[in-house]
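Chain and residue survey
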Amino acid sequence: MFKVGNIYFIAAVAVIGGALFGFDISSMSAIISTQPYLCQFNQQGFNEKGECRGPTDNVQGGITAAMPGGSWLGALVSGIASDRLGRRTSIQIGSVIWIIGSIIVCAAVNVPMLAVGRIVNGFSVGICSAQVPVYISEISPPSKRGRLVGFQQWAITWGILIMFFICYGCSFLDGAAAFRVPWGLQAIPAVLLFLGLCILPESPRWLAKKDRWEEAKSVLALVHSKGDTNSPWVIREMEEIREVVEFERANADVSYFELFTPKMLNRTSIGVFMQIWSQLTGMNVMMYYITYVFTMAGLAEEGGNGVLLPSSIQFIINVVMTVPALLWMDRWGRRPTLLTGAFFMCLWLCVNAGLFAVYSRPARPNEFTSTAVSMSISGAPAKAVIASTYLFVASFAPTWGPVSWVYPPELFPLRLRGKAVALATSANWAFNFALAYFVPVAFTNISWRTYVIFATFCAAMFLHVFFMFPETANKPLEEVDEIFDDTKPGAIKYIGTPAWKTRNTRLQVLKQERRETRNDLSSEEKIGYQEHKETTGPGA
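Per chain, the residues get numbers from 1 upward, laid out in the order the sequence is written. Only residues with pLDDT of at least 70 get local features here, since the model is predicted, and only at 80 or more are side-chain atom pairs given and counted; chain-wide, interface and lining totals rely on the full set of residues. To obtain the side-chain values, all non-hydrogen atoms of the structure were used and water was disregarded.

Basically, it comes down to this: UniProt positions are given in the numbering used here, feature names are shortened, and annotations may be inferred rather than shown by experiment.
The name recorded for the protein chain in an unreviewed UniProt entry is General substrate transporter, from Cercophora scortea. On record in UniProt, under Sequence similarities (unreviewed entry), the comment for the protein chain is "Belongs to the major facilitator superfamily. Sugar transporter (TC 2.A.1.1) family." UniProt, in the comment section headed Subcellular location (unreviewed entry), describes the protein chain in these words: "Membrane".

Structural data, given as structure tokens:
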């Protein structure tokens with residue numbers, strides 16, 4: 001059967017699985033403030049203007065949290081499915097489940113039906129979000145791996161943006177069509193994902209693990225050397241994969257328990273906290289409940305629609321600011337990118353906390369449709385809150401957004417990678433679930449102090465990254481093991497090389513790829529290598 005070998009096309013199709021998460025975020029955030037939604041699921045009666053007040057804060061938190069709750073379970077199951085059925089097949093299963101969930105959500109007539117549909121959708125997102133990075137990382141060359149896996153985050157931002165504007169357009173429709181139409185349309189990308197994967201190759205490392213060596217070699221040749229199975233790069237890569245597979249086969253079959261053995265515990269904690277910290281930045285909370293924040297800042301005088309268009313600006317910023325990471329993430333390295341992002345996110349969260357603490361007033365009874373809109377701020381401070389919120393998004397998008405998906409698959413050996421990334425991603429969804437439920441209640445009860453909590457988390461993650469997260473950029477996946485080898489001189493027991501001593505090795509990797517692929521080196525890599533040579537000098 002015909003298979004596409006262009007690595008960018010492969011990544012573009014696979015990351016549609018990430019876009020599903022984006023569709024879900026904005027299909028909820030753009031709708032929770034609109035009257036058709038509030039009236040369909042109304043539990044609180046009407047406000048002083050005669051408008052429906054919608055579900056209670058606890059119920060709305062539960063509706064929002066239903067999706068990450070399902071994603072937590074889906075991510076855990078995905079590791080088993082991926083190891084048994086293959087990376088590509090597990091993603092296809094996820095796409096089918098998404099279609100089923102979208103049908104249930106679109107047809108929802110009450111809160112329980114809506115919650116069940118979102119749980120099903122979440123199960124799909126959990127599978128795709130865990131296995132798409134694994135699939136791409138196992139099929140990509142080291143010098144492009146960060147960029148290609150980073151497409152996952154870019155796809156999420158595009159999914160958020162596209163669905164938000166679909167919801168914005170549909171918000172002008174009368175009745176339940178205002179939310180049923182976008183909830184139904186979100187099934188279309190899953191159909192495209194399923195069909196697109198039919199013409200993509202399976203992960204060569206998974207094929208090798210299943211003793212399908214000729215297929216693995218053919219995939220490497222198709223993707224990296226235009227079908228030439230005698231390419232030096234393909235030969236070297238096959239030798240490394242064979243060595244790793246044979247070594248791992250000599251050991252016992254892997255289980256989740258092995259991730260918590262002394263030699264693996266450090267890696268497991270880094271991978272899990274990578275995903276936990278990405279949630280504790282507060283970014284997805286901003287995405288889910290941005291209409292609440294902008295309503296506090298006075299952008300909703302004209303009703304639910306009035307806050308949607310200004311909210312969309314942050315989604316545009318999210319898409320645009322992810323691009324620098326895709327272009328230069330592998331050159332920057334993982335550690336500097338994460339540290340920079342944590343610092344600036346902490347800064348903007350502190351600014352918002354200070355502005356609301358000093359200049360806001362408590363909301364009057366029944367002033368807003370939700371008690372989570374617990375403050376009101378106006379004038380110049382309100383504009384500063386909006387600007388600070390945009391800058392927070394601009395700080396997250398090129399840093400923690402893409403790196404949180406790129407980093408975990410780079411940490412683990414082949415036989416553990418599927419389950420390890422599934423475990424790390426499940427931690428993401430567990431905290432996504434908790435925060436989606438927690439934030440409306442937090443805004444209701446502790447108002448601006450909610451920002452202080454997330455700022456504290458950002459400060460903590462800065463320290464954690466500096467002392468414990470090693471640099472993995474541009475290293476072949478089989479060589480990352482050396483970082484965690486605690487028998488080397490200067491290594492720390494059970495940890496390996498101290499994180500602050502690890503370095504980005506992009507120049508050496510580009511030289512090696514150039515030498516081994518010879519004339520097959522892409523013009524992009526030639527330019528990248530020449531730029532690096534010019535900036536570092538002839539003696540580098």
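There's plenty left to go through after this.
1. A few points about empty space enclosed by the protein
Cut-off, in case you're wondering: Site definitions follow a grid-based scheme: protein atoms alone, a 1 Å grid, a 1.4 Å probe that fits but cannot get out for cavities, and for pockets an open set with protein on both sides within 12 Å along at least five of seven lines, plus lining residues having an atom within 4 Å of a point. Grid points are joined across faces, edges and corners, and a volume is the space filled by probe spheres set on the points. Only runs of H or I of at least four residues qualify as helices and only runs of E of at least two qualify as strands under DSSP, and these elements are numbered from the N terminus. Ten residue types, Ala, Val, Leu, Ile, Met, Phe, Trp, Tyr, Cys and Pro, are classed as nonpolar, four, Asp, Glu, Lys and Arg, as charged, and the remainder, Gly among them, as polar.
In this structure the tally under the stated criterion is four cavities of 30 Å³ or more. The computed volume of the largest cavity comes to approximately 120 Å³. Taken together, 15 residues line the largest cavity, and the ones lying closest to its centre are F21, Q153, N284, F396 and W405. At the level of secondary structure, the elements contributing two or more residues to the lining of the largest cavity comprise α2 (16–29), α7 (142–170), α13 (262–280), α14 (283–296) and α18 (400–411). Classifying every residue of the lining of the largest cavity gives eight nonpolar, seven polar and no charged.

2. Notes on the pattern of salt bridges
Test applied: Whenever Lys or Arg places a side-chain nitrogen within 4 Å of a carboxyl oxygen from Asp or Glu, that contact is recorded as a salt bridge. Categorising residues by exposure relies on relative accessible area from a 1.4 Å probe, with only protein chains included: less than 20% of the type maximum marks a residue as buried, more than 50% marks it as exposed, and the intermediate range marks it as partly exposed.
On inspection of all chains with the given rule, the structure shows 15 salt bridges. R118 serves as the salt-bridge partner of D24, at 3.0 Å between the closest nitrogen and oxygen. Of this pair, D24 sits in helix α2 while R118 sits in helix α6 (residues 111–139), and the two are 94 residues apart along the sequence. We classify D24 as buried; its relative accessible area is 1%. The class of R118 is buried, set by a relative accessible area of 3%. For the salt bridge of R87 with E138, the shortest nitrogen-to-oxygen distance reads 2.9 Å. Of this pair, R87 sits in helix α5 (residues 87–106) while E138 is found in helix α6, placing the two residues 51 residues apart along the sequence. Here R87 falls in the buried class, since its relative accessible area comes to 0%.

3. Digging into the state of the cysteines
Threshold: Throughout, a disulfide means two cysteine sulfur atoms within 2.5 Å of one another.
This model, assessed by the stated rule, comprises one disulfide. Put simply, C39 and C52 are joined by a disulfide, and their sulfur atoms are 2.1 Å apart. Here the disulfide of C39 and C52 is right-handed, its torsion about the S-S bond being about 95 degrees. Of the two residues, C39 is situated in helix α3 (residues 35–40) and C52 in the loop between α3 and α4 (57–85); the sequence distance between them amounts to 13 residues. Take C52: its relative accessible area is 6%, and that puts it in the buried class. Between C106, a free cysteine, and C170, which holds the nearest cysteine sulfur, the sulfur-to-sulfur gap is 11 Å.

4. Brief notes about the environment of S129
Using the following cut-off: Two residues form a contact once any of their heavy atoms are found within 4.5 Å. Contacts described as polar in this section are N or O atom pairs within 3.5 Å, which, within protein, must combine one atom able to donate a hydrogen with one able to accept it, while residues neighboring in sequence count only if both atoms come from side chains.
For S129, the location among the structural elements is in helix α6. Accessibility expressed as a relative area gives 3% for S129, which makes it buried. Taking the C-alpha atoms as reference points, S129 and S90, 39 residues apart in sequence, are found 11 Å from one another. Residues in contact with S129, not counting those within four places in the same chain, are Q152, W405, T425 and W429. Of the polar contacts made by the side chain of S129, one reaches the side chain of W429; its length is 3.0 Å.

5. Notes on the packing of α13 against helix α19 (residues 414–446)
Put simply, the test is: A fitted line through C-alpha atoms serves as each axis, taken over the contacting stretch for helices, and the angle formed by two N-to-C directions is quoted from 0 to 180°. Should the near helix be turned counterclockwise from the far one by less than a right angle, the crossing is left-handed, whereas a clockwise turn marks it as right-handed.
Put simply, α13 and α19 touch, their axes get as near as 8 Å, and they point 35 degrees apart. Two packed elements cross with a definite hand, and for α13 against α19 that hand is right-handed. The segment α13 lies against α19, with M264, T268, G271, V272, Q275, I276, S278, Q279 and L280 engaging L416, L423, A424, T425, A427, N428, F431, N432 and L435. By residue class, the composition of the contact of α13 with α19 is 10 nonpolar, eight polar and no charged.

6. Overview of the side chain of R87
Among the polar contacts listed, one links the side chain of R87 to the side chain of D83, at a separation of 3.1 Å. Excluding its chain neighbours within four sequence positions, the residues that come into contact with R87 are S82, Q131, V134, Y135, E138, E202, S203, W206, L414 and G418.

7. A closer look at the environment of A108
Mapped onto the secondary structure, A108 falls in the loop between α5 and α6. Residue classification places A108 among the buried positions, given a relative accessible area of 0%. Along the chain, A108 and I127 lie 19 residues apart, while their C-alpha atoms are 23 Å from each other. The contacts of A108, once residues within four sequence positions are left out, are F41, M113, L114 and R180.

8. Regarding the nonpolar core
Rules: For our purposes a nonpolar core is just a set of buried Ala, Val, Leu, Ile, Met, Phe, Trp, Tyr and Cys residues, chained together by side-chain atoms within 4.5 Å.
Membership of the largest hydrophobic core comes to 146 residues, with the highest contact counts inside it found for Y37, I136, W183 and W400. Ranked by the residues each element gives to this core, the list is headed by α7, at 11 residues. Dropping the residues within four chain positions of it, I136 is found in contact with A11, A14, V15, L148 and V149.

9. Side note on α2
The condition is simple: By definition here, a helix of n residues has an expected span of 1.5 Å times n minus one.
Its 14 residues place the ends of α2 20 Å apart at the C-alpha level, agreeing with the 20 Å of an ideal helix rising 1.5 Å per residue. The buried count for α2 comes to 14 of 14 residues, which makes it a mostly enclosed element.

10. What to know about unusual backbone geometry
Its identity is not glycine, yet S447 carries a phi of approximately 45 degrees, on the positive side. On the basis of relative accessible area, S447 is assigned to the buried category, the value being 15%. Phi at Y494 takes a positive value of approximately 70 degrees, unusual for a residue other than glycine. Within the secondary structure, Y494 sits in the loop between α20 (449–468) and α21 (506–517).

11. Brief notes about the layout of surface pockets
Empty space within the largest pocket amounts to approximately 620 Å³. Residue lining of the largest pocket: 21 residues in total, with F247, M264, R267, P413 and D481 positioned closest to the centre. When residues of the lining of the largest pocket are assigned to their parent elements, the largest contribution, four residues, is made by helix α12 (residues 232–249). Along the lines of polarity and charge, the residues of the lining of the largest pocket split into seven nonpolar, three polar and 11 charged.

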